[in-house]
Amino acid sequence: MASVSPLTVRRAAVLVGLQGAAGVVAAVVFVIRGLAGADRHIVDGFGNAAWFGLLGGSVLAAGWALWTGRRWGRGLAVFAQMLILPATWYAGVGSHRWGYAVPVAAVSVAVLVLLFSPQTLKWLAGQGDSDSDASADNSGPDTR
């Protein structure tokens, strides 16, 4: 059941939602480039579009879930950050694209800080949440 999420989760939701939207936009750009006949010898635009569409859509869903108080969104958001951070390392060290790598990595680190903050962990555990399904105090049958 969804519950009201704390400010830390809402802030993370905005950042994660923006990451997901960027992925979906990238997918659309790759499709348009592919349909326009962009060189496919270097990069397969349709394959990239599928990858970015799947990942971007999932991350966008995670942002929506966090914004609406669904705890499952945190797992997807944390997983996405674990994929983004090594990519930023590669972009910075391997490709010397520090102008892209540093801001993207900073956003990922900010999301992780927000998603592992004490307020978020308390919300995740359902403490202070009267609608929590996993409460030891509720030993009786579910009467909903």
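Cut-offs and rules
- Position numbers for residues start from 1 in each chain and track the written sequence from start to end.
- Local features in a predicted model are, by the rule used here, given only for residues with pLDDT of at least 70; side-chain atom pairs are given and counted only at 80 or more, and totals for whole chains, interfaces and linings are based on all residues.
- To obtain the side-chain values, all non-hydrogen atoms of the structure were included, while hydrogens and water were left out.
- Between N-to-C directions, angles cover 0 to 180 degrees, with each direction set by a line fitted to C-alpha atoms, over the stretch in contact for helices.
- Counting from the N terminus, the helices are DSSP H or I runs at least four residues long and the strands are E runs at least two residues long.
- The labels follow the angle: roughly parallel below 35 degrees, roughly antiparallel above 145, roughly perpendicular from 65 to 115, and oblique for the rest.
- A clockwise turn of the near helix away from the far one marks a right-handed crossing, whereas an anticlockwise turn of less than a right angle marks a left-handed crossing.
- In what follows, residue pairs with any heavy atoms lying within 4.5 Å of each other are defined as contacts.
- Put simply, two rings from Phe, Tyr or Trp (the six-membered ring, in Trp's case) pair if the centres are within 6.5 Å, and we call them stacked under 30 degrees between planes, edge-to-face over 60, tilted for the rest.
- Note on criteria: charge over ring means Lys NZ or Arg CZ within 6 Å of the ring centre, with the direction from the centre no more than 35 degrees off the ring normal.
- Burial status follows relative accessibility: with a 1.4 Å probe on protein chains alone, a residue under 20% of its type maximum counts as buried, one over 50% as exposed, and anything between as partly exposed.
- For this analysis, a polar contact is any N or O atom pair within 3.5 Å, provided that within protein one partner can donate a hydrogen and the other can accept it, and provided that sequence-adjacent residues contribute only side-chain to side-chain pairs.
- Only buried Ala, Val, Leu, Ile, Met, Phe, Trp, Tyr and Cys residues count toward a nonpolar core, and they belong to the same one when joined by side-chain atoms within 4.5 Å.
- Surface patches are drawn from residues lacking salt bridges whose relative accessible area is over 30%; two like charges belong together within 9 Å, two nonpolar side chains (Val, Leu, Ile, Met, Phe, Trp, Tyr) within 5 Å.
- Each accessible area is a Shrake-Rupley result for a 1.4 Å probe, and residues are judged covered by the shown protein chains and nothing else.
- Criterion for a salt bridge: a side-chain nitrogen of Lys or Arg within 4 Å of a carboxyl oxygen of Asp or Glu.

Structural notes on the packing of helix H3 (residues 72–94) against helix H4 (residues 98–115)
Running from N to C, H3 and H4 cross one another at 155°; their axes reach a closest spacing of 9 Å. Overall, the two elements H3 and H4 adopt an arrangement that is roughly antiparallel. Seen along the crossing, H3 lies across H4 with a hand that is left-handed. Each of Arg 74, Ala 77, Val 78, Gln 81, Met 82, Ile 84, Leu 85, Thr 88, Ala 91, Gly 92 and Val 93 in H3 lies in contact with H4, whose residues at this interface are Trp 98, Ala 101, Val 104, Ala 105, Ser 108, Val 109, Val 111, Leu 112 and Leu 115.

What about the environment of Leu 66?
Tracing the backbone through its elements, the reader meets Leu 66 in helix H2 (residues 45–67). Residues contacting Leu 66, with those up to four places away along its chain left out, are Ser 5, Val 9, Ala 13, Val 16, Gly 73, Arg 74, Ala 77, Leu 115 and Trp 123.

Here we look at unusual backbone geometry
If you check the backbone angles, His 96 has positive phi at about 55° while not being a glycine. Note on placement: His 96 falls in the loop between H3 and H4.

Examining the packing of aromatic side chains
In the structure shown here, the tally under the stated rule is one aromatic pair. The ring of Trp 123 has Arg 71 sitting right over it, with the charged end atom 5.1 Å from the ring centre.

What to know about the environment of Gln 19
Among the structural elements, Gln 19 can be located in helix H1 (residues 7–35). Take Gln 19: its relative accessible area is 17%, and that puts it in the buried class. Each C-alpha atom, one on Gln 19 and one on Gly 56, is 7.2 Å from the other, the two residues being 37 residues apart in sequence. Ignoring any residue separated from it by four or fewer positions in sequence, one finds Gln 19 in contact with Val 59, Gln 81, Ile 84, Val 107 and Ser 108.

Focus: the side chain of Thr 8
When you line up the elements, Thr 8 lands in helix H1. For Thr 8, the side chain forms a polar contact with the side chain of Ser 117, separated by 3.5 Å. Side chain to side chain, Thr 8 and Thr 120 meet in a polar contact 2.7 Å long. Residue contacts for Thr 8: discarding those within four places in its chain leaves Leu 114, Ser 117, Gln 119 and Thr 120.

Quick notes on the nonpolar core
In this structure, Val 16, Leu 66, Ala 77 and Leu 115 are the most contacted members of the largest nonpolar core, which totals 15 residues. Where this core is concerned, the elements lending two or more residues are H1, H2, H3 and H4.

Digging into the side chain of Thr 120
In this fold, Thr 120 is placed in helix H5 (residues 118–125). Take Thr 120: its relative accessible area is 0%, and that puts it in the buried class. Separated by 2.7 Å, the side chain of Thr 120 and the backbone oxygen of Leu 114 make a polar contact. Apart from the residues within four sequence positions on either side, Thr 120 is in contact with Pro 6, Thr 8, Val 9, Arg 74, Leu 114 and Leu 115.

Description of a nonpolar patch on the surface
Side chains of Val 24, Val 28, Ile 32 and Leu 60 sit close together on the surface and give an oily, nonpolar patch of about 310 Å² of accessible area. In terms of residue count, the dominant contributor to the nonpolar patch is H1 (three residues). Relative to the helices and strands, Val 24 is located in helix H1. Classification of Val 24 by relative accessible area gives partly exposed; the value is 31%.

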